[in-house]
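Take a look at the letters that make up each chain.
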Amino acid sequence: MGSLLSGIPGPAEQRIGLRVTPAAERAIRGGHPWVFERAVRQQSRDGRAGDLAVIFDRRRSFLAVGLYDPHAPIRVRVLQHGEPAAINQGWFQARMAAAARLRAPLGKATGDTTGYRLVHGENDGLPGLVVDCYDRTLVLKLYTPAWIPHLRDVLPALADVVPVECLVLRLGRAMQEQPQSLYGLSDGAILVGPPLGGPVVFRENGLRFEVDPVHGQKTGFFLDQRENRARVRGLASGAAVLDVFSYTGGFSLYAAGGGARSVVSVDVSRPALEAALRNFERNQDDPSVARVVRDRAHEVLAEDAFEALARLGRDRRSFDLVIVDPPAFAKKRAEVEGALSAYGRLTHLALGVLRPGGILVQASCSSRVDAETFFTAVHRAAAAVGRPLREIERTGHPIDHPIGFKEGAYLKCLFATAP
Ligand SMILES: C[S@@+](CC[C@H](N)C(=O)[O-])C[C@H]1O[C@@H](n2cnc3c(N)ncnc32)[C@H](O)[C@@H]1O
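Residues numbered from 1 in each chain as written. Predicted model: local features only at pLDDT ≥ 70, side-chain atom pairs only at ≥ 80, totals over all residues. Heavy atoms only, no water.

A. Inspection of the overall build of the protein at higher detail. If you tally the helices and strands in the protein, you get 11 helices and 20 strands. The C-alpha atoms of the protein give 23 Å as radius of gyration, which agrees with the globular expectation for 419 residues (22 Å, within 12%). Along the first, second and third principal axes, the C-alpha atoms of the protein reach 65 × 45 × 35 Å. For the protein, buried positions account for 55% of its 419 residues. Put simply, 65% of the contacts in the protein that link residues at least 6 apart link residues at least 24 apart. Carbon together with sulfur atoms contributes 50% to the accessible area of the protein, which is approximately 17,900 Å² in total. If the 53 positive side-chain charges of the protein are averaged to one point and the 45 negative ones to another, these points end up 4 Å apart. (Helix = DSSP H or I, 4+ residues; strand = E, 2+ residues; numbered from the N terminus. Rg over C-alpha atoms; globule rule 2.2 N^0.38 Å. Buried < 20%, exposed > 50% of the residue type's maximum accessible area, 1.4 Å probe, protein only. Contact = heavy atoms within 4.5 Å. Areas by Shrake-Rupley, 256 points an atom, 1.4 Å probe, with all protein chains shown as cover. Lys, Arg positive; Asp, Glu negative; His and termini not counted. Charge placed at Lys NZ, Arg CZ, Asp CG, Glu CD.)

Rendered as structure tokens:
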């Protein structure tokens, strides 16, 4: 397993000792997984990414042990709170097994859903590490190079928990700017198995989707919207549906499967829309999807979503169900105001093409914008154009995207009708 990993040194034998500010001590005692650079008061020695750091309190008692990253504002990502532990293959295996148990109700046994998130970083006690499963092709996404010296332990731990035919490595953007910490590993490297010959196909609630784990956005698919997509399937019968920020046609295909009369998918990414068309083609054993394909009732628009919505409005197009699932608009605190105004503009534009009595589904994946603030922004924008929304449902995270700490809550979605 993993010849690419053979030249990578493991973490230093000796752990780094750290003392932190009283506020950081309190946060760690409360189970928070991050220790910021600015909170470090004393450090026993310099270290490399992936060395283990032990945080002690004022009385020199053990608080936590975690992964050290000398270049990141999050200086330590805590692996274990409260009592010391040997961080080794067995430790990783236990965390991964716990994560797998949490996902057991997902219905994998029936084969209807073979795509799910096995490890959701901090929220599963493995900070900065994500594992998404697309059937037996897994994508390991890292957000800190501190994981690299541990991969020789992580990979066998993972293979103990789930079958791995292929394992693709994806690297967060910040990591790709630190080649000196990557030991020759690159985004899209295949760590287990032969090179991928084409897209990987997996199932979600019975529908087949292709995913490109090497080049696709995030790990290739937005697994977190699975339950919202299923809700849309239940609302789409006979509807003209507009799926804005459609990516590879997730909501669009569910809508077609739910009996939509027509579907329009809008995304700025042309490759994503080409995959959306292929996803419709490969689900024609579903008679509702087959009818949409046969009637040429699935239209794709490779355009900026704001411009497309404005144009559809000018053209007096109207839809019974409009889904708006944009990318994260606020990754930093300074971007929150701009994000709220963008959400409001999207609500306004979406209502411009939603027929009276139609359903708006609007989501946000910005963790910086809390749920209440987001829902308020959407309601205000709707009220401002004289179409106060009547809520059907507010939804949050699915079971494979647990929330383990405050910053882990990012996904919220409103289902509402507009007069
Ligand atoms: C959160 S993902 C949508 C996931 C999708 N709804 C699904 O169920 O798979 C956001 C999408 O927005 C697209 N995007 C980003 N900026 C855009 C823009 N200005 N106009 C249109 N699409 C955009 C990205 O290409 C990406 O596919």
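B. Highlighting the nonpolar core. One finds L118, L140, L142, W147, L151, L155 and L191 to be the most contacted residues of the largest nonpolar core, which totals 44 residues. If you count residues domain by domain, this core takes at least three from each of domain 1 (15-81) and domain 2 (89-200). Setting aside its immediate chain neighbours within four residues, L142 contacts G128, L129, W147, I148, L151, L169, R170, L171, G172 and M175. (Core = buried A, V, L, I, M, F, W, Y, C linked by side-chain atoms within 4.5 Å. Domains from an automatic or database assignment.)

C. Representation of the domain arrangement of the protein within the structure. Partitioning the protein into structural domains gives domain 1 (15-81), domain 2 (89-200) and domain 3 (222-417). Here domain 1 and domain 3 have C-alpha centroids that lie 40 Å from each other.

D. How the structure looks around the pairing of strand β10 (residues 166-171). With 6 of its 6 residues buried, β10 lies for the most part within the structure. Both faces of β10 are covered, namely the face carrying C166, V168 and R170 and the face carrying L167, L169 and L171. Bridge analysis of strand β9 (residues 137-142) against β10 gives 6 bridges, and the strand direction is parallel. In the sheet register, K141 faces β10, and the bridge partner there is R170. Taken together, β9, helix α3 (residues 151-161) and β10 constitute a β-α-β crossover, and its handedness is right-handed. For β10 and strand β11 (residues 190-192), the ladder comprises 2 bridges, and the chain directions are antiparallel. In the strand pairing of β11, V168 is matched with I190. (Pairing = 2+ DSSP bridges. Right-handed = clockwise from strand over helix to strand, strands pointing away.)

E. Geometry of the pattern of salt bridges. For the structure shown, the criterion picks out 26 salt bridges. A salt bridge links R311 to E303; its shortest N-O distance comes to 2.3 Å. Among the residues examined, R311 registers a relative accessible area of 26% and is labelled partly exposed. (Salt bridge = Lys/Arg side-chain N within 4 Å of Asp/Glu carboxyl O.)

F. Structural detail: helix α8 (residues 287-294). Among all positions in α8, only V289, A290 and V292 are buried. Looking straight down α8, one finds that the buried residues subtend no more than 160 degrees of arc, so they occupy a single side. Turned more than 90 degrees away from the buried face of α8, the exposed residues are P287 and R294. If you follow the buried residues of α8, they end up packed against α6 (250-257), α7 (270-281) and β16 (298-302). (Arc of directions from axis to C-beta.)

G. Molecular detail of the site of the ligand. Looking at the ligand, there are 16 residues lining it, with R229, D267, D304, A305 and D325 nearest. Contact distances for the ligand include 2.8 Å between an oxygen atom and a side-chain N or O atom of Q217. Protein contact buries 90% of the 610 Å² of open area that the ligand shows by itself. Grouping the amino acids of the shell around the ligand by side-chain chemistry returns 8 nonpolar, 3 polar and 5 charged. (Near = heavy atom within 4 Å. Polar contact = N/O pair within 3.5 Å; in protein donor to acceptor, adjacent residues only side chain to side chain. Nonpolar A, V, L, I, M, F, W, Y, C, P; charged D, E, K, R; others polar.)

H. Representation of the environment of V119 within the structure. Here V119 is to be found in strand β7 (residues 115-120). It is 31 Å that separates the C-alpha atoms of V119 and E281, two residues lying 162 residues apart in sequence. For V119, the contacting residues outside a window of four places in its chain are M96, A99, R103, D124, L126, L129, V130 and V131.

I. Representation of the environment of R317 in the model. Here R317 lies in the loop between α9 (305-314) and β17 (319-324). A residue is classified by how much of its surface remains accessible, and R317, at 31% relative accessible area, is partly exposed. Taking the C-alpha atoms as reference points, R317 and V353, 36 residues apart in sequence, are found 6.1 Å from one another. Those residues in contact with R317, other than ones at most four positions away along the chain, are V264, E299, L312 and V353.

J. Expanded view of the sheet that holds β9. The strand order across the open sheet built from 5 strands is β7-β8-β9-β10-β11, with neighbouring strands paired in mixed fashion. The outermost strands of the open sheet, each flanked by one partner alone, are β7 and β11. With direction set aside, neighbouring strand axes in the sheet form an average angle of 25 degrees. (Axes fitted to C-alpha atoms, helices over the stretch in contact; angles between N-to-C directions.)

K. Summary view of unusual backbone geometry. Positioned with a positive phi, D135 is a non-glycine residue whose angle comes to about 60 degrees. Relative to the helices and strands, D135 is located in the loop between β8 (129-134) and β9. At K218, a position not held by glycine, the phi torsion is positive, near 55 degrees. As for its placement among the helices and strands, K218 is situated in the loop between β13 (207-211) and α5 (226-235).

L. Spatial organisation of the sheet that holds strand β14 (residues 240-244). Read across the open sheet, the 7 strands follow the order β16-β15-β14-β17-β18-β20-β19; overall the sheet is mixed. Edge positions in the sheet fall to β16 and β19 (390-395), since each has one partner strand and no second. Across the sheet, the mean angle separating the axes of adjacent strands is 15 degrees when strand polarity is ignored. Of the pairings in the sheet, the one linking β19 to strand β20 (residues 412-417) comprises 5 bridges and is antiparallel in character. If you follow E391 over to β20, its bridge partner there is A416. Against the sheet, α5 makes contact with β17, β18 (354-364), β19 and β20, and its axis sits at roughly 15 degrees relative to β20, the strand it touches most. Lying on the sheet, α6 is in contact with β14, β15 (262-267), β16 and β17; it crosses β15 at an angle near 175 degrees.

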